[in-house]
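Okay, here's what each chain looks like letter by letter:
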Amino acid sequence: MRGQVAAVPRLEGVRLTVPAREALIEAGNAVTRASDLQWHLDLTAPPKGLVSVLTRIGADFIRGLRLATEPAYPTEYDQSWWERGEVVPCPRCGRSLVWYEAGYVPGYRICLVGHGAQLSADGTSAKSTWRTHNPRREYGQ
Ligand SMILES: [Zn+2]
């Protein structure tokens, strides 16, 4: 991989509320329609207060994003902490966090430019570690 930043995380087939979609677009994320109910996201800067849950449509469980200030989806289930952490912004710069545990520290992440961050135990927030990494290293480059 070339360039100074890690690859932008892509979330596919995500369900969005209208306020969540508007907040994602306003924050500069690419949001494209995948079907009547689902969207693809190239997540460069998750807006604060975004909540990631599982929703049910028929027999399928689909990731749903909504704002914390909105009511829950009619069928809503908790996700694992690491999945919730995928929509938490970098506490230093607001960009997306990507996996960077490297086999050592569960919940350790770096943002797209390399700021170190530690997810909370429930995956709903992150604290800055004030370390900076080379974001290309995650991909073994
Ligand atoms: Zn950052």
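Residues numbered from 1 in each chain as written. Predicted model: local features only at pLDDT ≥ 70, side-chain atom pairs only at ≥ 80, totals over all residues.

Participant: What should I look at first to understand the overall build of the protein chain in this one?
Facilitator: Regarding its fold elements, the protein chain presents two helices and ten strands. Shown N-terminal to C-terminal, the secondary structure of the protein chain runs as helices and strands in the order β-α-β-β-β-β-β-α-β-β-β-β. Its C-alpha atoms give the protein chain a radius of gyration of 15 Å, within 12% of the compact-globule value 14 Å for 141 residues. Viewed in the frame of its principal axes, the protein chain has a C-alpha envelope of about 40 × 30 × 25 Å. Taking all 141 residues of the protein chain together, the buried fraction comes to 30%. A fraction of 47% describes how many contacts in the protein chain between residues 6 or more apart in sequence connect residues 24 or more apart. (Helix = DSSP H or I, 4+ residues; strand = E, 2+ residues; numbered from the N terminus. Rg over C-alpha atoms; globule rule 2.2 N^0.38 Å. Buried ≥ 20, exposed ≤ 12 C-beta atoms within 10 Å, placed from the backbone. Contact = placed C-beta atoms within 7 Å.)

Participant: Help me understand helix α1 (residues 18-26), please; the structure alone is not making it clear to me.
Facilitator: In an α-helix there are 3.6 residues to a turn, and that puts residues three or four apart on one side. All of the buried residues along α1 are Ala20, Ala23 and Leu24. Along the long axis of α1, the arc covered by the buried residues comes to 100°, so they all point the same way. Exposed and facing more than 90 degrees away from the buried side of α1 are Val18, Ile25 and Glu26. Packing partners of the buried residues in α1 comprise β1 (10-16), β2 (30-33), β3 (39-42), β4 (50-57) and β5 (60-67). Glycine 28 sits one or two residues past α1 and shows a positive phi near 95°. (Arc of directions from axis to C-beta.)

Participant: I'm lost on the domain arrangement of the protein chain in this one. Help?
Facilitator: Reports often express the size of an interface as the amount of accessible area lost when the parts come together. According to the domain assignment, the protein chain consists of domain 1 (8-79) and domain 2 (89-141). Between domain 1 and domain 2, the contact holds seven residues from the first and six residues from the second. Across the side of domain 1 that touches domain 2, the residue classes break down as five nonpolar, one polar and one charged. (Domains from an automatic or database assignment. Nonpolar A, V, L, I, M, F, W, Y, C, P; charged D, E, K, R; others polar.)

Participant: In this structure, what is going on with the sheet that holds strand β10 (residues 126-132)? I would like to understand it.
Facilitator: Strand-to-strand pairing in sheets goes through backbone hydrogen bonds, with the strands running parallel or antiparallel. Taken in spatial order, the four strands of this open sheet run β7-β8-β9-β10, and their pairing is antiparallel. Each having just a single partner strand, β7 (97-99) and β10 make up the two edges of the open sheet. Across the sheet, the mean angle separating the axes of adjacent strands is 40° when strand polarity is ignored. Bridge count for β7 against strand β8 (residues 108-111) is three bridges, and the pairing is antiparallel. (Pairing = 2+ DSSP bridges. Axes fitted to C-alpha atoms, helices over the stretch in contact; angles between N-to-C directions.)

Participant: What am I meant to see in the environment of arginine 136 here?
Facilitator: Position of arginine 136 relative to the elements: it lies in the segment after β10. In the structure, arginine 136 is positioned 23 residues away from valine 113 in sequence and 9.1 Å away in space, judged by C-alpha atoms.

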